[in-house]
Amino acid sequence: MGVLMNISVIGAGYVGLVNAACFAKLGHQVICVDVDKEKVDKINQSISPIYEKDLEEIIKKYKKNIYATTSYKEAVEKSDITFICVGTPSKKNGDIDLLFVDQATKEIAIYLKNKKSFHSVVVKSTVVPGTTQNHVLPLLEEITQKKAGVDFGVGMNPEFLREGAAVYDFLHPDRIVYGYYDDHTKKLLSLLYSDFSCPIVETSLTVAEMIKYASNCFLATKISFINEIGNLCKRLGIDSYEVAEGIGLDDRIGRAFLDSGIGWGGSCFGKDVNALIAFAKEIKEPCNIIQSVVQVNEQQPLRLISVLKKHIPLLKGKIIGVLGLSFKPNTDDIRDSRSIILVKNLFEENAQVKVYDPKAMNHFKKLFSDIIYCDNAKDVLDADAVIIATAWDEFKKLDYKGKIVIDGRRLLEAKKTAKIYEGVCW
Ligand code: NAD
């Protein structure tokens, strides 16, 4: 059993709340800080403000170990280590926006200034290489008038969890990576993670940051690569998934992330890939591969519209059903979802759109108010054609009899009953 700690987590979003809840489950005392009072209240009523499998159950079960507040003072004073887990969105030009990281750092620093005992600040948000060392650390020193490594500690602990399986991923990581500035923070982090049996990478702050970006860029590259191969396969009339099986057996390649479809979405890949491109541009290094990865990904949903138009050449006035709005199954997150691009394009073609998603409809309604939101998946089938945009399990069980189904996510079950079934790149 590792050492139990007092932990504070800034930002109770997908990463912050999952970490907070799981640390609480492991026996630590955790304080979550969020600027969103509604989120704070929900957490204190043991309600999860986001949908993530098992999350609410953990918050309920371990409520003695976790609470939320808007008070940084309380969080810094009552904990020994603070994780910054706020969002790091993209600016319009793709640059990373450090506004929330800055706000959080400044607030932490105000209370760190008067704190007598040693306290470590660990960045968990995804930030471009050099940010913790050259930006967060000097900001903390400036406001506290204290010396990093002597009076307080600094670390960088990138997060690799997948939305939809976030709790599982926290509890069963492939690896844990942390960078440290000082030995005290190194010791704290090594104790915190001592019960995990996975490989642990202890490194510098900047290497930890780069590992996160390189991981996401590589995974995004794998998907765009297989989508390009998939597009070629479709032209040849062969199955890209058979090809993926054949490639994936090579240990150097691996089968994961070789499912061709309509591309990646979510809160991370797009912004992280674009942030690295913008960062490379700033330091005048070419990023040709990663740039193409984005281009392929933007084109891929349009391929699905082209396939649909093979069957219904004029979409004007037709009703097109879209099954799935979240960027992947088992989450309510629609950030950068391919469904957004699909629906926009269907609008441009003057089609009528009806949609269903088990978890993400409320978020989607904020973007599109003038589409038909169905109460269940079956009601979407009452359309001229149906697009499968997210691979929710329940879509496998539908009866697609008599329907035209254009599949972006390889739900082959639909093929069994549909009148016409076509995959985007198989
Ligand atoms: P999110 O938007 O879900 O959550 C961020 C939270 O921070 C929100 O609840 C927001 O209200 C809060 N917040 C903003 N400013 C604040 C402030 N000054 N003080 C306190 N709270 C504040 O974001 P997320 O998806 O959890 O991502 C957080 C970071 O983790 C990002 O850098 C992201 O790139 C990274 N990351 C995300 C994932 C993922 O799957 N979502 C995976 C790995 C890494």
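Quick notes on the rules
Residues numbered from 1 in each chain as written. Predicted model: local features only at pLDDT ≥ 70, side-chain atom pairs only at ≥ 80, totals over all residues. Heavy atoms only, no water. Helix = DSSP H or I, 4+ residues; strand = E, 2+ residues; numbered from the N terminus. Contact = heavy atoms within 4.5 Å. Domains from an automatic or database assignment. Buried area = accessible area lost by both parts, 1.4 Å probe. Salt bridge = Lys/Arg side-chain N within 4 Å of Asp/Glu carboxyl O. Polar contact = N/O pair within 3.5 Å; in protein donor to acceptor, adjacent residues only side chain to side chain. Nonpolar A, V, L, I, M, F, W, Y, C, P; charged D, E, K, R; others polar. Buried < 20%, exposed > 50% of the residue type's maximum accessible area, 1.4 Å probe, protein only. Pairing = 2+ DSSP bridges. Right-handed = clockwise from strand over helix to strand, strands pointing away. Near = heavy atom within 4 Å. Areas by Shrake-Rupley, 256 points an atom, 1.4 Å probe, with all protein chains shown as cover. Phe/Tyr/Trp six-rings, centres within 6.5 Å; stacked < 30°, edge-to-face > 60°. Lys NZ or Arg CZ within 6 Å of the ring centre and 35° of its normal. Expected span 1.5 Å × (residues − 1). Patch = residues over 30% accessible without salt bridge, like charges linked within 9 Å, V, L, I, M, F, W, Y side chains within 5 Å. Lys, Arg positive; Asp, Glu negative; His and termini not counted. Charge placed at Lys NZ, Arg CZ, Asp CG, Glu CD.

**Focus: the environment of Gly402**
Turning to its location among the elements, Gly402 is positioned in the loop between strand E12 (385-388) and strand E13 (404-407). Sequence spacing of Gly402 and Leu381 is 21 residues, and the spatial spacing of their C-alpha atoms is 9.6 Å. Not counting residues within four places of it along the chain, the set of residues in contact with Gly402 comprises Thr417 and Lys419.

**Describing the domain arrangement of the chain**
Along its sequence, the chain is organised into domain 1 (6-203) and domain 2 (252-423). Relative to domain 2, the C-alpha centre of domain 1 lies at a distance of 32 Å. Counting residues at the interface gives 16 residues for domain 1 and 16 residues for domain 2. Summing the contributions of domain 1 and of domain 2, the shared interface buries around 1300 Å²; its carbon and sulfur component is 53%. The largest contributions to the domain 1 side of the interface with domain 2 come from Tyr14, Tyr51 and Glu163, which together make up 41% of the buried area. Seen at the junction of domain 1 and domain 2, the total is one salt bridge. The shortest N-O distance in the salt bridge between Arg335 and Glu163 comes to 3.6 Å. Here domain 1 and domain 2 share four residue pairs in polar contact (both at pLDDT 80 or more) between them. Tallied by class, residues from the side of domain 1 that touches domain 2 come to seven nonpolar, six polar and three charged.

**Quick look at the pairing of strand E4 (residues 81-84)**
Residues of E4 alternate between two faces, with Ile81 and Phe83 on one and Thr82 and Ile84 on the opposite face, all of them buried. Where E4 meets strand E5 (residues 120-123), four bridges bridge the pair, whose relative direction is parallel. Note on E5: the bridge partner recorded for Ile81 is Ser120. With helix H5 (residues 99-112) bridging E4 and the parallel E5, this β-α-β connection has right-handed handedness.

**Description of the sheet that holds strand E9 (residues 319-323)**
The parallel open sheet is built from six strands, whose spatial order is E11-E10-E9-E12-E13-E14. Single-partner strands in this sheet number two, and they are strand E11 (372-373) and strand E14 (420-423).

**Looking at the site of the ligand**
Near the ligand lie 28 residues; those nearest to it are Asp34, Lys39, Tyr72, Thr88 and Lys271. Separating an oxygen atom of the ligand from a backbone N or O atom of Tyr14 is a distance of 3.0 Å. Here a nitrogen atom of the ligand and a side-chain polar atom of Ser267 are 3.5 Å apart. Contact with the protein chains removes 90% of the 830 Å² of surface that the ligand exposes when unbound. Looking at the shell around the ligand element by element, the count peaks at three residues for H5. When residues of the shell around the ligand are assigned to domains, at least three map to each of domain 1 (6-203) and domain 2 (252-423).

**Describing the packing of aromatic side chains**
This structure, assessed with the given rule, holds 12 aromatic pairs. Considering the side-chain rings of Tyr178 and Tyr193, the 6.2 Å spacing of their centres and the 20 degrees angle between planes classify their relative orientation as stacked. With Tyr178 in strand E7 (residues 176-180) and Tyr193 in the loop between helix H8 (183-192) and strand E8 (200-203), this residue pair connects regions lying 15 residues apart in the sequence. Note on Phe347 and Phe368: the rings are 5.9 Å apart at their centroids and 55 degrees apart in plane angle, and the pair reads as tilted. Of this pair, Phe347 sits in helix H13 (residues 338-348) while Phe368 sits in the loop between helix H14 (361-367) and E11, placing them 21 residues apart in sequence. Accessibility expressed as a relative area gives 27% for Phe347, which makes it partly exposed. By relative accessible area, Phe368 is classed as buried at 7%. A connected cluster of aromatic rings, assembled from ring pairs, spans Phe23, Phe83, Phe170, Tyr178, Tyr193 and Phe196. Just above the ring of Tyr51 sits the side chain of Lys359; from NZ or CZ to the centre is 4.3 Å. Its guanidinium or amino end placed over the ring of Tyr373, Lys365 lies 5.2 Å from that ring's centre, counting from NZ or CZ.

**Points about helix H6 (residues 131-144)**
For H6, built from 14 residues, the straight-helix expectation of 20 Å at 1.5 Å per residue is met to within 8% by its first-to-last C-alpha distance of 18 Å. For H6, every residue scored as buried is listed here: Thr131, Thr132, Val136, Leu137, Leu139, Leu140 and Thr144. Buried residues belonging to H6 abut H5, E5, strand E6 (153-156) and helix H9 (205-236). Looking at the residues trailing H6, positive phi occurs at Gln145, about 60 degrees.

**Examining a negative patch on the surface**
A surface patch of like charges, here negative, comprises Asp375, Asp379, Asp382 and Asp384. Note on placement: Asp379 falls in helix H15 (residues 377-380).

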